[in-house]
Amino acid sequence: MAVEGEEEKTKSFKLLGILDIQNIPCARGAVLHGSAASIFVGLGHFLATSRVKRSFDFGVGGFILTTLGSWFYCRYNNAKLRMQQKLIKDGLKNKVMYEGTSLDPTRKQNSSQGGGS
């Protein structure tokens, strides 16, 4: 069983020998989006103009722009999600820590509402 775990860790797909797709967040999706966009843009430009070299150049440009755009968008959303999770975690930790004490904000609201009745 330990050997299987080690084999899974050593298995990884590297794009161009430098970009480890399985270990970098958002890399796999970004490369897939970029490759689909490159085919779409290159083929669309070829069907419109029948110029092979220029269509290839458009396809490569579409790949680069879509891959980078998709990667930055995904990384931004992941960072935003981590920040929200951290705020929620800290809020829950503070709620547990201050619950039942004089610093509990819900206790102050309840006591002011109860006194007015």
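Residues numbered from 1 in each chain as written. Predicted model: local features only at pLDDT ≥ 70, side-chain atom pairs only at ≥ 80, totals over all residues. Heavy atoms only, no water.

- Going by the annotation in an unreviewed UniProt entry, the name recorded for the protein is Cytochrome c oxidase assembly protein COX20, mitochondrial, with Huso huso given as the source organism.
- UniProt, in the comment section headed Sequence similarities (unreviewed entry), describes the protein in these words: "Belongs to the COX20 family."
- Under Subcellular location (unreviewed entry), UniProt gives the following word-for-word description of the protein: "Mitochondrion inner membrane". (UniProt positions renumbered as here; feature names shortened; annotations may be inferred.)

### Quick word on the confidence of the model for the protein
- Mean pLDDT for the protein: 82, with 75% of residues reaching 70 or above.
- Of all the helices and strands in the protein, helix H1 (residues 2-10) carries the lowest mean pLDDT, 58, while helix H2 (residues 27-49) carries the highest, 93. (pLDDT = per-residue confidence, 0-100. Helix = DSSP H or I, 4+ residues; strand = E, 2+ residues; numbered from the N terminus.)

### Overview of the UniProt feature "transmembrane region" (unreviewed entry) in the protein
- Here the UniProt-annotated "transmembrane region" (unreviewed entry) positions come out as residues 56-74.
- The distance separating the terminal C-alpha atoms of residues 56-74 is 27 Å; by composition the span is 100% helix and 0% strand.

### Here we look at the environment of glycine 59
- Note on placement: glycine 59 falls in helix H3 (residues 52-98).
- Residues glycine 59 and serine 38 lie 21 residues apart in sequence; the distance between their C-alpha atoms is 4.3 Å.
- Setting aside chain neighbours within four positions, we find glycine 59 in contact with Ser38, Val41 and Gly42. (Contact = heavy atoms within 4.5 Å.)

### Details of unusual backbone geometry
- With a phi close to 75 degrees, cysteine 26 is a non-glycine residue in the positive phi region.
- The backbone of serine 50 shows a phi angle near 60 degrees, a positive value even though the residue is not glycine.
- One can find serine 50 in the loop between H2 and H3.
- With a relative accessible area of 54%, serine 50 lands in the exposed category. (Buried < 20%, exposed > 50% of the residue type's maximum accessible area, 1.4 Å probe, protein only.)

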